[in-house]
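# An overview of the molecular structure
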Amino acid sequence: RLNCSHRRGGDFERVYPLIRKAAQELGRKVECLGDLQGPKFRVGELAADPIELKNGDILEFGICKDDNDNIREGRITMKPTIEQKALIAASKPGIDLLLEDGIMKVNVVEKLSDTELKVKVVRGGKLKARKGVNVPDVEIDCAALTAKDIEDAEFLLQLDPPIEYICVSFVQKGQDLQELIDIMDRLKIPAERRPKICPKIEKPQALTNIDGIIAKSQALMVARGDLGVELELERVPFAQKLLIRKAKDAGLFVINATQMVESMIENPVPTRAEVSDLQNAIWDGADAVMLSGEAASGKFPCEAVMAEASAALEAESVKDLLQPRLGVDYFCDEGNKPREMDDSKRRTKVVASLGPASWSEEMIPKMIAAGTDIFRLNCSHRRGGDFERVYPLIRKTAAEMGKKVECLGDLQGPKFRVGELAADPIELKNGDIVEFGISVDDNDNIRPGRITMKPTTEQNALVKGCQVGTTLLIEDGIMEVVVTEKLSDTELKVQITRGGKLKARKGVNVPDIEIDCAALTVKDIEDAEFLLQLDPPIEYICVSFAQKAQDLQELIDIMDRLNIPAEKRPKICPKIEKPQALTNIDGIIEKSQSLMVARGDLGVELGLNRVPFAQKLLIRKAKQAGLFVITATQMVESMIEAPVPTRAEVADLCNAVWDGTDAVMLSGEAASGKFPCEAVMAEAAAAREAESVEHRVFPAIPAVV
């Protein structure tokens, strides 16, 4: 993709022939897409410092009268471009204008002229120079192609060999594409050299006028960036499904774009939500998935390409097993339905993990008010009387607020970790053979040529269960070793197949074996006894790393030993984190009343790209058996640092609801993130919007045997 927003200084003239030459030398078919910038709508310059927009304030909003008419207290201005004049001219009382991707919002209260408005601040903030303006409810009467777009289109159309696609931004109607066709006609571009015209669907009006747009197109891009601002984030996943289906029914090539693997701007691997979003787009029929900043300015551009490619390949391998999600009576304008705002209608529960960010006396009522239905007490962090303090606080606060709030105790389960370091972290190099065993004494620590684990019951069982050919994953699969020789039940020789720098106490996963040890450790038994004696009784207890039915029987045995009466027994909730659990699911379900799709360790053990399909199977299987299903891990991971979720995260949430989940969970987002209440509200908003259209979305999997 050649983004014409950044066409300057001869970069395109340099890179285009380079792409063609490199592709030819590599024997690869590689195409190019020119993306025209389209009209830009932005506030102007500041007269001084950024201004504070306060809710309820009435301000002037207009076109600059001269070069000195800049943004100041009481007045917001825009430069007098053709398209920005058209925006103000089209605005009328009642219209919302969104500033800076919707962070701020003003509503028109009076139209003074075609260049001047009075607006009321609905959602305030600090307004800086040149921030974007979106007007969702207005079809702006201006040319689709600016003077810059025409110049860029002429450049793209004269490239040799011809460019394959040209995107037109902010398309609202069929006529917007005719402008590009007219340029091709004027330049006398022969039919065989004409690129595929690809409208970018970024405005709600495009959903209404989609037939006219498709009639003049050969491709289509679901451009979720501005579409998420104009349509609102929560409505994009359903609109995406509609647009993909409509375009595919017309034989168009469909590209799904924006925030597909946004986390990979900074990280070498995608999140669970991003992989789920990618694969759901492909199952819905997308022909291509796009990288924006991930490839243009991110730290891991090649890894981002490989992540999308591998997720796509896996999705395609099971696509024939899934049903279409939309009926024959679908229509794209359904995507413009009003957003569901009534949270009392929401059935999908939000589970919030407790931690320093959320378990204070001040935060518990805020978390409940935000929409938390179930609080998770993570026993991995049970220490210092925190649970003893927070549990009665939750019950007291919920009663005072008149809200039904439940609690879930999550047992830690067996932990598998490498031991301590003898000195500095060691470098594991591909191909090296090293020892891997249980520490023979307290001084037998990790050093060059030897990796050790502490001699716990479960870690002894792990090493004992390994055979020649068994793969061991270290630090969430960042490093990988394969057993080449079994010396004893406590000692292995392994070859490093994916190296890295090994630090102390990093996790170990062994996907290919069912580890022969108790599901509940000594700590788990102690934690279970604590949870089972809480008053009022806790509603759910999770058993981690459940591999088979017997793992749950251990918790039932504790309830029997403590003589817990039936009416006070919590729902048993196995966490599905091992591939073996999918094989033994019938036995696990028989002893359960709930089930958690725990995508964290499941993504390590099963492989990230196999989780979304497994998630669909597990949800459907558990729902057939009448269980309460929770989907967990990296649902809105970006909200640990950001106040709003990404497009991928909202799509992942909606697809989980459409697949039948009863609850969606927050982990670090609520326990230690910067925006715990906002994370709860984001999950609640996505869930209720998904529910509002679920009668129009068919199950991907009709039944699981």
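Higher on the page you've got the structure.
Because the structure is predicted, anything quoted here is derived from the model rather than measured. (Residues numbered from 1 in each chain as written. Predicted model: local features only at pLDDT ≥ 70, side-chain atom pairs only at ≥ 80, totals over all residues. Heavy atoms only, no water.)

### A word on the overall build of the protein chain
Spelled out, the test is: Strands here mean DSSP runs of E at least two residues long; helices mean DSSP runs of H or I at least four residues long; both are numbered from the N terminus. Just to be clear, the radius of gyration here is over C-alpha atoms, and the globule rule we use is 2.2 Å times residues to the power 0.38. Each residue is assigned to one of three classes by its accessible area relative to the maximum for its type, calculated with a 1.4 Å probe on protein chains only: buried under 20%, partly exposed between the two thresholds, exposed over 50%. The Shrake-Rupley method, run with a 1.4 Å probe, gives the accessible areas here. Residue values count only the displayed protein chains as cover. Residues counted as positive are Lys and Arg, residues counted as negative are Asp and Glu, and His and the chain ends are not counted. Charged groups are reduced to one reference atom each: NZ for lysine, CZ for arginine, CG for aspartic acid, CD for glutamic acid.
A tally of helices and strands in the protein chain yields 23 helices and 31 strands. Taking 705 residues into account, the globule formula puts the C-alpha radius of gyration at 27 Å, and the protein chain, at 28 Å, falls close to it. In terms of principal-axis extent, the alpha carbons of the protein chain reach across some 80 × 70 × 55 Å. By the burial criterion, 56% of the 705 residues in the protein chain qualify as buried. A total of about 29400 Å² of accessible surface is found on the protein chain, and carbon and sulfur atoms cover 51% of it. Between the centroid of the 94 positive side chains of the protein chain and the centroid of its 114 negative side chains there is a distance of 1 Å.

### Quick look at the pairing of strand β7 (residues 104-111)
Remark: a regular strand shows side chains that alternate across the two faces of the sheet. In plain terms, the rule: Only strands joined by at least two bridges in the DSSP assignment are considered to pair.
Taken together, the four bridges between strand β6 (residues 96-99) and β7 define a ladder with antiparallel strand orientation. Each bridged residue has a counterpart across the sheet, and for Leu97 the counterpart in β7 is Val106. Hairpin connection, β6 to β7: the antiparallel pair is bridged by four residues, and Glu100 has positive phi, about 55°. Bridging between β7 and strand β8 (residues 116-123) involves six bridges; their strand directions are antiparallel. Each residue of the ladder has a partner; that of Val106, found in β8, is Val121. The loop that links β7 with its antiparallel partner β8 comprises four residues.

### Brief notes about the environment of Val15
Its location among the elements puts Val15 in helix α1 (residues 11-26). Here the alpha-carbon distance between Val15 and Leu2, two residues 13 residues apart in the chain, equals 9.3 Å.

### Description of the pattern of salt bridges
Rules: The salt bridge definition used is simple: a Lys or Arg side-chain nitrogen within 4 Å of an Asp or Glu carboxyl oxygen.
A full pass over the atoms with the stated rule returns 67 salt bridges. Glu116 is the salt-bridge partner of Lys65, the closest N and O atoms lying 3.4 Å from each other. Of the two residues, Lys65 sits in the loop between β4 (58-63) and β5 (75-78) while Glu116 sits in strand β8, which places them 51 residues apart along the sequence. Residue Glu116 is classed as buried on the basis of its relative accessible area of 11%. Close ionic contact of Asp185 with Arg194 constitutes a salt bridge, the shortest N to O distance being 2.8 Å. One salt-bridge network, in which partners are shared between bridges, spans Glu60, Lys65, Asp69, Arg72, Arg75 and Glu116.

### Some thoughts on the sheet that holds strand β27 (residues 540-543)
To be explicit about the condition: Only the contacting stretch of a helix is used when fitting its axis, a line to C-alpha atoms as for every element, and angles between N-to-C directions run 0 to 180 degrees. By definition, residues are in contact when any of their heavy atoms lie within 4.5 Å.
The parallel closed barrel is built from eight strands, whose spatial order is β16-β17-β18-β27-β28-β29-β30-β31. Averaged over all pairs of adjacent strands, the angle between strand axes in this sheet comes to 25°, irrespective of strand direction. Pairing of strand β28 (residues 571-576) with strand β29 (residues 594-598), which is carried by two bridges, proceeds in the parallel orientation. Across the sheet, Lys575 pairs through a bridge with Met596, a residue of β29. The strands touched by helix α16 (residues 549-561) within the sheet are β27 and β28, with β28 carrying the most contacts at an inclination of about 155°. Across the sheet, helix α19 (residues 599-606) touches β28, β29 and β30 (628-632), and the angle it forms with β29 is around 60°.

### Considerations on the nonpolar core
Definition in use: For our purposes a nonpolar core is just a set of buried Ala, Val, Leu, Ile, Met, Phe, Trp, Tyr and Cys residues, chained together by side-chain atoms within 4.5 Å.
Among the nonpolar cores identified, the biggest contains 125 residues, and Leu180, Phe375 and Leu555 are the most heavily contacted of them. With eight residues, the single largest contributor to this core is helix α23 (residues 676-692). Other than its neighbours up to four places away in sequence, Leu180 contacts Leu145, Ala153, Leu157, Ile166, Val168 and Ile197. Among the nonpolar cores identified, the runner-up in size contains 30 residues, and Phe61, Leu97, Met104 and Leu117 belong to it.

### A word on unusual backbone geometry
Each neighbour pair has its own omega, and for Asp160 with Pro161 the value is 0°, a cis peptide bond. Residue position: Pro161 is located in the loop between α3 (147-157) and β11 (165-168). Here the amide bond leading from Asp535 into Pro536 is cis, since omega sits at 0°, within 30 degrees of zero. Structurally, the position occupied by Pro536 is in the loop between α15 (522-532) and β27. Positive phi outside glycine occurs at Glu232, with the angle close to 85°. As for its position among the elements, Glu232 is in the loop between α7 (224-230) and α8 (236-249). The class of Glu232 is partly exposed, set by a relative accessible area of 30%.

### Let's talk about the packing of helix α9 (residues 272-284) against helix α20 (residues 611-624)
For any two helices packed against each other, the geometry comes down to the angle between their axes and how far apart the axes lie. Note the following rule: When describing relative orientation, an angle under 35 degrees is termed roughly parallel and one over 145 degrees roughly antiparallel, while 65 to 115 degrees is termed roughly perpendicular and anything else oblique. Throughout, the ten residues Ala, Val, Leu, Ile, Met, Phe, Trp, Tyr, Cys and Pro are labelled nonpolar, Asp, Glu, Lys and Arg are labelled charged, and all others, Gly among them, are labelled polar.
One can describe the packing of α9 onto α20 by two numbers: an axis separation of 9 Å at closest approach and a directional angle of 80°. The angle between α9 and α20 falls in the class roughly perpendicular. Each of Val275, Ser276, Gln279, Asn280 and Trp283 in α9 lies in contact with α20, whose residues at this interface are Pro612, Phe613 and Lys616. Residue composition of the contact of α9 with α20, by class: four nonpolar, three polar and one charged.

### A closer look at helix α2 (residues 82-90)
Here α2 has its buried residues at Glu83, Gln84, Ala86, Leu87 and Ile88. Turning to α2, the residues buried within the fold contact β4, β5, β6, β7, β8 and β10 (133-134).

### Examining the packing of aromatic side chains
Remark: the centre distance and the inter-plane angle together describe each pair of aromatic rings, the angle taken between the planes. What counts, and what does not: In summary, the pairing rule links any two rings of Phe, Tyr or Trp, Trp by its six-membered ring, whose centres are within 6.5 Å, and it sorts them by plane angle into stacked for under 30 degrees, edge-to-face for over 60 and tilted for everything else.
Per the stated rule, a full pass over the model turns up four aromatic pairs. Ring geometry for Tyr165 versus Phe253: centroids 5.5 Å apart, planes at 35°, classification tilted. Taken together, the positions of Tyr165 in strand β11 and Phe253 in strand β14 (residues 253-257) put the pair 88 residues apart, joining distant regions of the chain. In this structure Tyr165 comes out as buried when scored by relative accessible area, which is 6%.

### What about the sheet that holds strand β22 (residues 471-474)?
Hydrogen bonding along the main chain pairs the strands of a sheet, whether they run parallel or antiparallel. Spatially, β21-β20-β24-β23-β22-β26 is the arrangement adopted by the six strands of the open sheet, whose pairing is mixed. The outermost strands of the open sheet, each flanked by one partner alone, are β21 (450-453) and β26 (508-509).

### A few points about the state of the cysteines
We apply this condition: The definition used for a disulfide is geometric: two cysteine sulfur atoms within 2.5 Å.
Counted according to the given criterion, the structure contains zero disulfides. In this structure Cys32 is a free cysteine whose sulfur lies 12 Å from that of Cys4, the closest cysteine sulfur available. A disulfide-free cysteine, Cys302 has its sulfur positioned 16 Å from the sulfur of Cys32, the nearest such atom.

### Regarding the environment of Glu567
Tracing the backbone through its elements, the reader meets Glu567 in the loop between α16 and β28. With a relative accessible area of 66%, Glu567 lands in the exposed category.

### Considering the packing of α9 against α19
The geometry of α9 relative to α19 is characterised by a closest axis approach of 11 Å and an angle of 70° between their N-to-C directions. Comparing the axis directions of α9 and α19 gives the class roughly perpendicular. When α9 is examined against α19, the residues Arg272, Ala273 and Ser276 are found in contact with a partner set consisting of Arg599, Gly600, Gly603 and Val604. Counted by class, the contact of α9 with α19 contains two nonpolar, three polar and two charged residues.

### So, the side chain of Thr633
With respect to the helices and strands, Thr633 occurs in the loop between β30 and α21 (647-659). Overall, Thr633 belongs to the buried group, its relative accessible area being 19%. With sequence-adjacent residues up to four places away left out, Thr633 is seen in contact with Arg272, Ala598, Arg599, Gly600 and Ser667.

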